[in-house]
Amino acid sequence: MPHAPRDRSRILKLLDDWHRAGWIGPLEPALARWMAERDPDIAPELLFLAAITVHLEGLGHTSLDVPAFLAQPLYYLDWPEQAGEALEEFLAAMGSGPEAWQAALIRGGRMLAQYHDRTPPNISQRGPETPLVWDGRRLYLRRHFRDEWEIDRQLQSRVGTTVAYFSEGSATLTRLFGPASSSSAGDGQRLACALAAERGFTLITGGPGSGKTYTIARLLVLLMQAAPRRVALAAPTGKAALRMDTALRQSVDDFVRRGDDDLADLLRQVPPAQTLHRLLGARPGTRRLRHDAHRPLNFDLLVVDEASMIQHDLMAALLRATPARSQLILLGDPDQLASVEAGAVLAEICRGRAVYSPATAEDLKRRWGIALAADSLRDDASALEEAVVRLSSSYRFDGPIAKLATAIRSGDAECVIDLLAASTTVEGSALGWIDPRAGAGRANFLELAERTWRSTQARLEQVPSGETEHATWVRELLAAADTFRILCALREGPWGVAGINAQMAAQLRPPGYSGDWYPGRPVLVQRNDPIAGVYNGDLGLVLPDTQGRLQVYFPRGPQLAPLRLHPQRLGDATSAYALTVHKAQGSEFQRVLLILPPEDSPVLSRELLYTAVTRARREFIAVTPLETLSRILGRHGRRMSGLATRLFPEVSGH
């Protein structure tokens, strides 16, 4: 057995070796070395745990659950086999049982603050002046500990706040939603509207087509009828904000068709949705925001869509910047992937059941005419549990794709494989499957993708010279380019975004162009530029203007002309023939081609597959060996966090 690496120098050398091997990043050994220099008595175990905490942050975790990690370290790490063997060898050489690691954390030192109860720590706005915080089980980077407490404090305060009161609401709900049906269809939407109308915080969850935005449109009208309100709509990405706008404009048209012009006029007063970064005043090149607790937003009602995409620190910043008097409503699907960055706030809030007390049920029946099912009642339902409404019916998402999504969500591998293998088409909704290991498999799916994009490029041969005709042409091409997308699980490698985009560009770049900028190239913005009006995740299309000069056009919804920027303004924008599934969140396409690598990877999870499938409206094609789907469906993307424990301390299992 190798010599036990108990002294700090051995730990630091080991971390340097792992960094040179590419298993960890530069921050992990840098933090450990910085801590060792400032605390000569620091335990070597703490140096190792600090480095692992930093590494796991990059994988989406906001804390290190020490007992869980030590029991199954490779479960949480996206490491190659050689790295896993080195880690196991190191832990064996340490020879330390759980008690020794616990003792090192209890001993702490200058680099570690300790909080072991639910009493909010008496700390400054910046948090405890140590890089690490331990709560008796989880090890945190200071800022994640601070943000977790802030999210918990803000939500618990808001759910106990009543911001409005309607003495009788059943007649209003009937006008907004129509007469209540004898079935349960629409009951969740009415419940969401009634609860959100009066509370400081509400979370409305549901899958695609469950009517989240439909419900919000009617809630906005309900509240604006009662009293004038300053309203803001937001979403994590520009694409998600556009989809939110489009859905609300459809509700305007619905009201007009019904003859409810007064309701349509109220909804027209709602300003367009914007990205969260724009709403909060993100400053390019920094993590600083214009709006915070000292310079709060000035709205009475804030509605945020696609909340599953909001990372830990952004949710804390949003809550800090939203005044306590304002209503905050989040919309999202907890079965989707969590945010790209650390945290899974929406999923953590949904760890509590959507249950209601008998008193709340009686009040809803008396004032709103809503009868709750008996299995949704619980005497000790918390205010936060009552703030969650789940919409279970689907109104536009059906057919084979809907069946596939349902099977994925429930983990039914047999049903998933049967649906894909059958390659069915029903009422315009289609499923398909390509085995990448087959001799022609790779050529088949690349040829399919190229053929789809070439149909868009064929329209580039005739560029309108008139401004009006050109504007119409741009809109049509943006819409056409948005009907199809390749999605990948990985960023790098031949089966990742980088490899697929390179192959597509090589095949589709027009003759006479050698660089990155050419007509018909779809692009993805990778950084926020509020001055230019584009944000990380926005999708655009390179097209010639009326003078033949290349510009990048971005859709801005049905009410506004597309945004036009010179390519040089976009800097490090990348091709977007293929996107990662993460980047596609907040978007929908008529057709989706999902490429999964033949080899296994920890990023392949049930949530990733569900998110990819629910991006498709009409056709979904999976490029994967079918037998790998069982493994994927058995893997959850659960992230280590202490938020659910703080939010729901009374619920067992948290």
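Here the residue numbers are simple positions, counted from 1 along each chain's written sequence. The model is predicted, so local features are restricted to residues of pLDDT at least 70 and side-chain atom pairs to those at 80 or more, both for listing and for counting; the totals for chains, interfaces and linings are taken over all residues. Excluding hydrogens and water, the side-chain values take into account all heavy atoms of the structure.

In the nomenclature of an unreviewed UniProt entry, the protein chain corresponds to RecBCD enzyme subunit RecD from the organism Acidithiobacillus caldus. The UniProt entry for the protein chain carries the following comment under Subunit (unreviewed entry): "Heterotrimer of RecB, RecC and RecD. All subunits contribute to DNA-binding." UniProt positions are given in the numbering used here, feature names are shortened, and annotations may be inferred rather than shown by experiment. The heading Sequence similarities (unreviewed entry) in the UniProt record of the protein chain holds the text "Belongs to the RecD family."

1. As for the overall build of the protein chain
Counting from the N terminus, the helices are DSSP H or I runs at least four residues long and the strands are E runs at least two residues long. What the protein chain contains, in helices and strands, is 27 helices and 21 strands. Radius of gyration: over C-alpha atoms. The globule rule applied is 2.2 Å multiplied by the number of residues raised to the 0.38 power. On C-alpha atoms alone, the protein chain measures out to a radius of gyration of 26 Å, which is about the 26 Å that the 2.2 N^0.38 rule sets for 654 residues. The principal-axis extent of the C-alpha atoms belonging to the protein chain is close to 80 × 70 × 50 Å. Residues counted as buried form 56% of the 654 residues belonging to the protein chain. Two residues form a contact once any of their heavy atoms are found within 4.5 Å. For the protein chain, contacts bridging at least 24 residues in sequence account for 73% of all contacts bridging at least 6. We get accessible surface area from the Shrake-Rupley algorithm with a probe of 1.4 Å; when it comes to residues, only the shown protein chains can shield them. For the protein chain, the exposed area adds up to about 27700 Å²; of that, 50% sits on carbon and sulfur atoms. Counting rule applied: Lys, Arg positive; Asp, Glu negative; His and chain ends not counted. In plain terms, the charge of a residue is placed at NZ if it is Lys, CZ if Arg, CG if Asp and CD if Glu. Positive and negative side-chain charges of the protein chain, numbering 75 and 75 respectively, have mean locations separated by a distance of 5 Å. Between buried and exposed lies partly exposed: a residue is buried under 20% and exposed over 50% of the maximum accessible area for its type, with that area taken using a 1.4 Å probe on protein chains only.

2. Side note on the domain arrangement of the protein chain
The domain architecture assigned to the protein chain consists of domain 1 (8–135), domain 2 (151–173 + 189–396) and domain 3 (400–459 + 466–634). Domain segmentation is taken from an automatic or database assignment of domains. For domain 1 versus domain 2, the distance between C-alpha centres works out to 38 Å. Opposite the six residues of domain 1 that make contact, domain 2 presents six residues. Counting each side, the surface lost to burial between domain 1 and domain 2 is near 380 Å², with a carbon and sulfur contribution of 52%. Salt bridge criterion: a side-chain nitrogen from Lys or Arg within 4 Å of a carboxyl oxygen from Asp or Glu. Linking domain 1 with domain 2 are zero salt bridges. In short, buried area is how much 1.4 Å probe accessible area vanishes from two parts on joining, totalled over both.

3. Remarks on a negative patch on the surface
Residues enter patches when they are more than 30% accessible in relative terms and free of salt bridges; like-charged ones are connected within 9 Å and nonpolar ones (Val, Leu, Ile, Met, Phe, Trp, Tyr) within 5 Å. On the surface, a cluster of negative charge is contributed by Glu-81, Glu-85, Glu-88 and Glu-89. Within the secondary structure, Glu-85 is located in helix α6 (residues 81–94). A relative accessible area of 44% means that Glu-85 is categorised as partly exposed.

4. Some words on the confidence of the model for the protein chain
Taken as a whole, the protein chain shows an average pLDDT of 83; of its residues, 91% reach a score of 70 or greater. The predictor reports its confidence for every residue as pLDDT, a score running from 0 up to 100. Strand β8 (residues 301–304) holds the highest mean pLDDT among the elements of the protein chain, 94, whereas strand β11 (residues 425–426) holds the lowest, 48. Predicted confidence is poor over residues 1–5, with pLDDT under 50, and the contacts of this stretch with residues over four places away or in other chains come to 13 contacts. With pLDDT under 50 throughout, residues 123–127 is counted as low confidence; its partners more than four residues away or in other chains account for nine contacts.

5. A word on helix α13 (residues 261–268)
Along α13, the residues classified as buried are Leu-263, Ala-264, Leu-266 and Leu-267. Seen from one end, α13 has its buried residues packed into an arc of 160°, which puts them on one side. Those residues of α13 that are buried lie in contact with α9 (170–177), α11 (212–226) and α12 (238–258). The arc in question is traced by the directions running from the helix axis to the C-beta atoms.

6. Side note on the pattern of salt bridges
Under the counting rule described, the total for this entry stands at 35 salt bridges. The salt bridge involving Asp-135 is made with Arg-138; its shortest N-O contact spans 3.8 Å. Using a relative accessible area of 11% as the deciding quantity, one classes Arg-138 as buried. Three or more residues are tied together by salt bridges with common partners; here these are Asp-135, Arg-138, Glu-148 and Arg-646.

7. Topic: the nonpolar core
Note that soluble globular proteins tend to have their nonpolar side chains buried in a common cluster. Counting residues in each nonpolar core, the largest one holds 85 residues, and the members touching the most others are Phe-201 and Leu-220. Setting aside anything within four residues of it in sequence, one finds Leu-220 in contact with Val-231, Leu-233, Leu-248, Leu-267, Val-270 and Leu-301. Grouped together as the second largest cluster of nonpolar side chains are 42 residues, Leu-31, Trp-79, Ala-86 and Leu-112 included. Among buried residues, the Ala, Val, Leu, Ile, Met, Phe, Trp, Tyr and Cys ones that are joined through side-chain atoms within 4.5 Å form a nonpolar core.

8. Topic: the side chain of Ser-308
Assignment of secondary structure puts Ser-308 in the loop between β8 and α15 (312–321). By relative accessible area, Ser-308 is classed as buried at 6%. Excluding residues within four positions of it along the chain, Ser-308 makes contact with Asp-333, Gln-336, Leu-337, Ala-338, Ser-339, Leu-346 and Gln-585.

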